[in-house]
Amino acid sequence: MSYVITNDCDCCGDCADECAIGSITIGENIYVIDEEICVECGDCSYICDNGAIKKNQTHHI
Ligand code: SF4
Ligand code: SF4
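Here the structure is a predicted model, which means the values were calculated and not measured.

Analysis parameters
- Residues numbered from 1 in each chain as written.
- Chains lettered and ligands numbered in written order.
- Predicted model: local features only at pLDDT ≥ 70, side-chain atom pairs only at ≥ 80, totals over all residues.
- Helix = DSSP H or I, 4+ residues; strand = E, 2+ residues; numbered from the N terminus.
- Rg over C-alpha atoms; globule rule 2.2 N^0.38 Å.
- Buried ≥ 20, exposed ≤ 12 C-beta atoms within 10 Å, placed from the backbone.
- Contact = placed C-beta atoms within 7 Å.
- Near = placed C-beta within 6 Å.
- Nonpolar A, V, L, I, M, F, W, Y, C, P; charged D, E, K, R; others polar.

Focus: the overall build of the protein
Item 1. The secondary structure content of the protein amounts to 2 helices and 4 strands.
Item 2. Counted from the first residue to the last, the protein has its helices and strands arranged as β-α-β-β-α-β.
Item 3. For 61 residues, the compact-globule formula gives about 10 Å, and the C-alpha radius of gyration of the protein, at 10 Å, lands near that figure.
Item 4. With the C-alpha coordinates aligned to their principal axes, the bounding extent of the protein is approximately 30 × 20 × 20 Å.
Item 5. Residue burial in the protein is summarised as follows: out of 61 residues, 21% are buried.
Item 6. Taking all contacts inside the protein whose residues are at least 6 apart in sequence as the whole, residues at least 24 apart take part in 64%.

Some details on the site of ligand 1
Item 1. Every one of the 14 residues lining ligand 1 counts as a neighbour, but Cys-9, Cys-12, Asp-14, Cys-15 and Cys-48 are closest to it.
Item 2. Of the residues in the shell around ligand 1, the class split is 10 nonpolar, 2 polar and 2 charged.

In structure tokens form, the structure reads like this:
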């Protein structure tokens, strides 16, 4: 489980600057969070003006 960026992302880049461990990078169309690195601190979710970053509730096997 980690945070995920939804299609509400407008690619402002603020979250990538905010993530202290560099878990957020630009993807094909929107910014993406590397789930392997994210420590679920929530800082990016707090800073996103578009509310595009949500906690991922789905479980990965
Ligand atoms: S702060 Fe929000 S809108 Fe900006 S790049 Fe990150 S997810 Fe996208
Ligand atoms: S929740 Fe924290 S560690 Fe995960 S991507 Fe956002 S700022 Fe980075």
